[in-house]
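Below are the chains, spelled out letter by letter.
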Amino acid sequence: MFTALPRLLKGFGLMHVSFCAMIAFAQSQKTYVEGEVIVKLRNEQGPASAYAFLGKVHSEKEMILKNSWGKMNLYHFALKKGQTVESAVEELRADPNVLYAEPNYLLNKTSETGIQKVLTSEDVHASSFQSLSGAYGATGANIGVPTVWTTNSIVPVVKPIVAIIDTGLDTAHFVISQSQALWVNTNEIPDNGIDDDGNGYVDDVNGWNFVDNSGVIYDDDGHGTHVSGIILSIDQNIYTTPLKEAKIQLMPLKFLNGEGIGSTSSAIRAIYYAINNGATILNNSWGGSQYSAALHEAVAYTYNHGALFVAAAGNSGNDNDSVPLYPASYDVPNVISIAATTDYDYLANFSNFGAGTVDLGSPGVYILSIVPEDRFGYSSGTSMAAPFVAGTAAQMRVESAAMTGYQLRSILLSQFSTIAQLSGKVSTGGRLDSLAAVSFAKAAPLDSSQPTYAVNYSADRELASSMVGSGGCGTIQSVGDHNSHPWGMGGAPAVVILLIAPLAILIFMRLRRPINRRKHERFKIQSDVRISVGDKELVGSVSSISLGGVCVNTSALLQDGGLVTMVISSPDGAEKLEVAGRVVWSEANQAYGVAFDKTPQSALSKIADWTKGLQKAS
């Protein structure tokens, strides 16, 4: 929101007064989750540094690890009781191991209205669908969808997966069930309480609920179901029966609660889940005004994995060029930002716009789609405009299955309807043309090339730092500038450094001891393990073993210090051994060390037998 403002105010000598007042006002709105932060560690300092940092914040700061994205060196913490987010962010940013630290910002759905004029299926079937939504050409905003329905009637063997990151989905809605549009995780056995595919989520048969951490993806708002129906409406006529088998798959990922509010950490988890489970198009009908480097990084992850990221531009009537909304305003090359248009091709009065940062208009006023309990309803917003684009992109991938998100975006932004009323409002000056985009994709040669992209942390630090004040303006030092301070080491006076040096060395040696001073020799092993955590069972593998514990590889999140029960297979798979243990550290690549707890001598003797002939681990 304040991207260019700090530099402007600084030029007039107002940085420490006016800007501070605005930051204080922004803080009073409490746009983040109380008691939680997201931290990115520096990659160049290696895993040992990450272990030491995690141990330090747990023992000294009493921070509890809630989520981790080990390969990204990204961690989500709960703070100790009584500590403010502002003070925690300031302390963490001063740590030389930390690349950035930020609040866990709140995000909101981008529908302008709730569900209006709820209809039964009989009401809808009795009417002409053309009169129900201008998106199909009744009043001039013709995006060509009825012709798309007949462009390709062949159901592909591998259907494109569209992730709907939203409030959930009524998976029992007859439109979803009869069209067989719901994504199915074929590697997961339903309702057995086991993480069969080892992806860290138990019984995630049709997606995941990141609000309640379960595989039950109910929609207690209606927004996600409405969005899902719009995406499916580009595949076929959802307003008549019988319905056809869908050519696409819908992957519902619930991160917004019944009030349409969710956290950045949950959004990140949903984005990574979508990509790691095969989604190539992500619909994001939500946003927030606070810049998050962690969310930016997650969006970049989708680009580097060839997906398209469709984002609603927002409903505040703002110019996103000067008042950005995220994730729509991230400059990642696969992000396509969508404004809402009326039946008569005017920009909706509530829609955000931006000649430089909003790409395309799409119908978003009084749109009819499915809502929970086998009903239909109308809703308006850029939330409704974005899924028309996501649904169109999905049909483009039906025609060209290997097309990257970057190429999909390029085609969508070249094959549109030029609309005079949108000139200067969106970068293309046009509105979505589904038929033109799908037809072009059908004949277009594949192009797998795309420009390289990485999040520019240096450029983003000033913006991120401006979002949370702490004890007075100008006191937060930009990450990476610790050595430039006249005191060095984040601004601590030399005398303080001398006083705390002995204590720091003691802590450092204690943290290093589990890594460098092993009580037991470790041996390389490749065997399966099943881990019981409460009433859930996870699967993984063991990469090293000793009489003191094991190194467990799993995508699941194990709480540091938590007690688990493990069933470990022998190297030849012929034997199984049940032992209890305590999670003691977390690797950056999502591996965990589990120290044996009260292990009987018989079990230790069995492990000693297993390790005979095994190669020692370094």
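This text goes with the structure placed above it.
Chains are numbered independently. Their residues run from 1 in the order of the written sequence. Given that this is a predicted model, residues contribute local features only at a pLDDT of at least 70 and side-chain atom pairs are listed and counted only at 80 or more, while totals for whole chains, interfaces and linings are drawn from all residues. Calculated side-chain values reflect all of the structure's heavy atoms, with hydrogen atoms and water omitted.

Here the aromatic set is Phe, Tyr and Trp, taking the six-membered ring for Trp, and pairing holds for ring centres within 6.5 Å; pairs whose planes are under 30 degrees apart are stacked, those over 60 apart are edge-to-face, and all others are tilted. Evaluation of the coordinates by the stated rule reveals 18 aromatic pairs. Ring centres of Y272 and Y301 lie 4.6 Å apart, and the angle between their planes is 80°; on these two criteria the pair is classed as edge-to-face. Of this pair, Y272 sits in helix α9 (residues 264-276) while Y301 sits in helix α10 (residues 293-304); the two residues are 29 residues apart in sequence, bridging distant segments of the chain. Think of it in three bands: with a 1.4 Å probe and only protein chains considered, a residue is buried below 20% of the maximum accessible area for its type, exposed above 50%, and partly exposed in between. Among the residues examined, Y301 registers a relative accessible area of 15% and is labelled buried. A ring pair is formed by Y291 and Y326, whose centres lie 5.5 Å apart and whose planes are at 80°; its orientation type is edge-to-face. Remark: Y326 occurs in the loop between β12 (308-312) and β13 (335-341) and Y291 occurs in the loop between β11 (286-287) and α10; sequence separation between them is 35 residues. Accessibility assignment for this pair places Y291 and Y326 in one class, buried. Stacked on the ring of Y218, the Lys or Arg K254 has its end atom at 5.2 Å from the ring centre. Helix numbers and strand numbers start at the N terminus; a helix is a DSSP run of H or I with at least 4 residues, a strand a run of E with at least 2. The criterion is that NZ of a Lys, or CZ of an Arg, lies within 6 Å of the ring centre and within 35 degrees of the ring normal, and then a charge sits over that ring.

In this section: unusual backbone geometry. Peptide bonds are trans in most cases, and residues, glycine excluded, mostly fall at negative phi. The omega torsion across T241 and P242 is 0°, close enough to zero to call that bond cis. Assignment of secondary structure puts P242 in the loop between α8 (223-233) and β8 (249-254). For the bond from Y326 to P327, the omega torsion is 15°, close enough to zero to count as cis. With respect to the helices and strands, the residue P327 is situated in the loop between β12 and β13. Despite not being glycine, N73 has its phi angle at roughly 60°, a positive value. Relative to the assigned elements, N73 resides in the loop between β2 (64-69) and β3 (74-78). Residues other than glycine seldom take positive phi values, yet Y366 does so here, at roughly 55°.

Before going further, it helps to examine the nonpolar core. Nonpolar cores are built from buried Ala, Val, Leu, Ile, Met, Phe, Trp, Tyr and Cys residues. Side-chain atoms within 4.5 Å join them into one set. Within the largest apolar cluster, 60 residues are counted, with the highest numbers of intra-cluster contacts made by L250, F376 and L412. The element that contributes the greatest number of residues to this core is helix α11 (residues 382-399), accounting for 10 residues. Residues M72, L99, A298 and V299 belong to the second largest nonpolar core, which totals 48 residues.

Judged by how many residues are buried, β3 sits mostly within the fold: 5 of 5 residues are covered. Because side chains alternate across β3, one face comprises the buried residues L74, H76 and A78, and the other comprises Y75 and F77, equally buried. We treat two strands as partners when DSSP finds at least two bridges between them. One ladder, built from 5 bridges, connects strand β1 (residues 32-41) with β3; its direction is antiparallel. Bridging across to β3, E36 finds its partner in A78. Where β2 and β3 come together, 5 bridges link them in antiparallel fashion. Paired with L65 across the two strands is F77, which belongs to β3. Once β2 ends, the chain turns through 4 residues before running back antiparallel as β3, passing N73 with a positive phi of about 60°.

Ordered by their spatial adjacency, 3 strands build an open sheet running β5-β16-β15, and the pairing between neighbours is antiparallel. Of all strands in the sheet, those with a lone pairing partner are β5 (116-120) and β15 (367-371), marking the two edges. When strand polarity is set aside, the average angle formed by the axes of neighbouring strands in this sheet is 30°. In terms of strand pairing, β15 meets strand β16 (residues 375-379) through 5 bridges, oriented antiparallel. Within β16, the position partnered with V371 by the bridge is R375. Each axis is a line fitted through C-alpha atoms, taken for helices only over the stretch in contact, and angles between the N-to-C directions span 0 to 180 degrees.

Quick look at the pattern of salt bridges now. Take a side-chain nitrogen of Lys or Arg and a carboxyl oxygen of Asp or Glu: if they are within 4 Å of each other, that pair is a salt bridge. In this structure the tally under the stated criterion is 14 salt bridges. Ionic pairing is found between D220 and K254, a salt bridge with its closest N-O pair at 2.7 Å. Of the two residues, D220 sits in the loop between β7 (208-209) and α8 while K254 sits in strand β8, which places them 34 residues apart along the sequence. Look at D220 and you get partly exposed, because its relative accessible area is 40%. A salt bridge links D359 to R409; the nearest nitrogen and oxygen atoms lie 3.2 Å apart. Of this pair, D359 sits in the loop between β13 and β14 (360-363) while R409 sits in helix α12 (residues 405-412), placing them 50 residues apart in sequence.

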